[in-house]
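# A closer look at the structure
If you want the building blocks of each chain, they are given just below.
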Amino acid sequence: MLTPEEKIIKAKVQLNKTHPFFGYLVSYLKIKETKGIGTAAVDSKGNFRYDPSWIEELDDDCVKGVLCHEVMHLALKHLERAKDKNMVLFNIAADLKVNELITKNNFKIPQGIKPDWDDSWSFGVVKIKNISKKSTEEIYYELLGKAKKVPMKAFVKLAEDEKLDEHIYGDSSSGKGLGNKETEAKGLQGSSKDEDNPDWAELASRAYNLAKMKGEAPAGIERLLEDLLTPKLNWKALLRRYVTREIPSDFTWTKPSKKSQSCGIYLPNVRREQLDIAVAIDTSGSIDKKLLSEFVSEIIGISKQFSQVRVRVLTCDAQIHEDYLLSNGNIARLK
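None of the values given here were measured: they were computed from a predicted structure. (Residues numbered from 1 in each chain as written. Predicted model: local features only at pLDDT ≥ 70, side-chain atom pairs only at ≥ 80, totals over all residues. Heavy atoms only, no water.)

### A look at the packing of aromatic side chains
Formally: By convention, a stacked pair of Phe, Tyr or Trp rings (six-membered ring in the case of Trp) has centres within 6.5 Å and planes under 30 degrees apart, an edge-to-face pair has planes over 60 apart, and any other such pair is tilted. Think of it in three bands: residues with accessible area under 20% of the maximum for their type are buried, residues over 50% are exposed, and the middle band is partly exposed, with areas taken using a 1.4 Å probe on protein chains only.
One pass over the full model with this rule turns up 8 aromatic pairs. With 5.0 Å between their ring centres and 70 degrees between their planes, Tyr-140 and Tyr-141 make a pair best called edge-to-face. The exposure class of Tyr-141 is partly exposed, given its relative accessible area of 47%. One aromatic cluster is present, built from ring pairs that chain together Phe-21, Phe-22 and Phe-107.

The structure is reproduced here in structure tokens:
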């Protein structure tokens, strides 16, 4: 008969074989036996704490479901997103979202709050619909709004019965879960952030790409991690960095650097030569006036800042309409 630790190790190995997305993430968990906590829990450092007596009662499929459940709290950054929220209601919302995902991928969960067959969840007069189409925050605020119809102590009792307060640890060093009496007072203020904390968002992105290459991307995960998988870059900063990098430069001793002269040292000055760039501005109906103004303002800014740059500006939608040439900071024509 396997020990609780051996059951967990076996589940990790099987996940790597059958579910590469979850297996990759679970491989970063640090397994720690913690007697007396009742179920299992994670913290932001990736410590997975489990009660051995509880794991002993679970079959292999349930152990895999528990590992996936806990690691998805980290991948979806629930510990960070729970800040300044009612932890009882947020844990319910987070569990609904996580369990909707892992049951969709055919994992078993030994207990906990999960959507019904019709993608909804009911508790008394409270009913949350279309869970798969909502974010954790959307579910949370819907619960918060409907909580007036149900005494908060009923939600607290639900959390105690399902042991939701044990799912997320606030402070890995104390080994103490946040919930019940401590919940509203502390929130997640005990969470520690330092160099030991893995970047779970980056790990989730890698895990998804790995699973996708193997043709085994999990169901429902792409939409959940949409913001994570398609990060929004600052195009203005990238454009300026590109222009600065591409301007050809050389050194000249005939005209010393002003900075070095002030220090009494004779160093060469940087001589930048001319750079020609072309910029196409989309003026189709999908670009509103505000965005178009941003495009033009950025081009004007580059033209003013770099006198060595000659900018050829093309305005176009389905075809090219106008062609401007800006040089030596001359922007009158574009304006």
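### Quick notes on the sheet that holds strand S1 (residues 30–33)
Hydrogen bonds between backbone groups are what pair the strands of a sheet, and the pairing can be parallel or antiparallel. Note the following rule: The pairing criterion is simple: DSSP has to find at least two bridges between the two strands. Only DSSP runs of H or I reaching four residues or more are called helices, and only runs of E reaching two or more are called strands; each is numbered from the N terminus. Working convention: axes come from line fits to C-alpha atoms, limited for helices to the stretch in contact. Angles between N-to-C directions cover 0 to 180 degrees.
Ordered by their spatial adjacency, 3 strands build an open sheet running S1-S3-S2, and the pairing between neighbours is mixed. Here the strands that pair on one side only, and so sit at the sheet edges, are S1 and strand S2 (40–42). Geometrically, the sheet is characterised by an average inter-axis angle of 20 degrees between neighbouring strands, direction not taken into account. Relative to strand S3 (residues 47–50), S1 is paired through 4 bridges, and the arrangement is parallel.

### A look at the sheet that holds strand S11 (residues 309–316)
Which entries qualify depends on this criterion: In this analysis, two residues are considered to be in contact whenever any of their non-hydrogen atoms come within 4.5 Å of each other.
Read from one edge to the other, the open sheet built from 3 strands follows the order S10-S11-S12, with strand pairing classed as mixed. With one partner strand each, in any of the chains shown, strand S10 (275–282) and strand S12 (320–326) form the two edges of the open sheet. Taking the axes of each pair of neighbouring strands and ignoring which way they run, one obtains an average angle of 15 degrees across the sheet. Direction of pairing for S10 relative to S11: parallel, over a ladder of 8 bridges. Residue Ile-277 lies in a different strand from S11, and its bridge partner there is Val-311. Each of S10, S11 and S12 touches helix H15 (residues 289–305); the most contacted strand, S10, lies at about 170 degrees to it.

### Some details on the environment of Gly-112
Within the fold, Gly-112 resides in the loop between helix H6 (87–104) and strand S4 (121–123). On a C-alpha basis, the gap between Gly-112 and Leu-158 in space is 9.7 Å, while along the polypeptide they are 46 residues apart. Excluding anything up to four places from it in sequence, Gly-112 contacts Asn-99 and Glu-162.

### Points about the pattern of salt bridges
Any two side chains of opposite charge can pair if their charged atoms end up close together. The cut-off we apply is this: A pairing counts as a salt bridge when a side-chain nitrogen of Lys or Arg comes within 4 Å of a carboxyl oxygen of Asp or Glu.
Under the counting rule described, the total for this entry stands at 11 salt bridges. Where Arg-206 meets Glu-202, a salt bridge forms, and the shortest distance between an N and an O atom there is 2.4 Å. Pair noted here: Arg-206 and Glu-202 are both in helix H10 (residues 200–213), with a separation of 4 residues, about one helical turn. Within this structure, Lys-97, Glu-100 and Lys-104 form a network of salt bridges that share partners.

### What to know about unusual backbone geometry
Despite not being glycine, Asp-119 shows a phi value in the positive range, around 65 degrees. Position of Asp-119 relative to the elements: it lies in the loop between H6 and S4. Here the phi dihedral of Asn-130 falls at roughly 50 degrees; this positive angle occurs in a residue that is not glycine. Relative to the helices and strands, Asn-130 resides in the loop between strand S5 (126–128) and helix H7 (136–146).

### Here we look at the packing of helix H1 (residues 4–18) against helix H4 (residues 60–75)
Applied cut-off: We call two directions roughly parallel when the angle between them is under 35 degrees, roughly antiparallel when it is over 145, roughly perpendicular when it lies between 65 and 115, and oblique otherwise. Amino acid classes used here: Ala, Val, Leu, Ile, Met, Phe, Trp, Tyr, Cys and Pro are nonpolar; Asp, Glu, Lys and Arg are charged; the rest, including Gly, are polar.
Two elements in contact, H1 and H4, have axes whose closest approach is 9 Å; the angle formed by their N-to-C orientations is 75 degrees. On the basis of their axis angle, the class for H1 and H4 is roughly perpendicular. Where H1 approaches H4, its residues Lys-7, Ile-8, Lys-10, Ala-11, Lys-12, Gln-14 and Leu-15 are matched on the opposing element by Asp-60, Val-63, Lys-64, Leu-67 and Cys-68. Classifying every residue of the contact of H1 with H4 by side-chain character gives 6 nonpolar, 1 polar and 5 charged.

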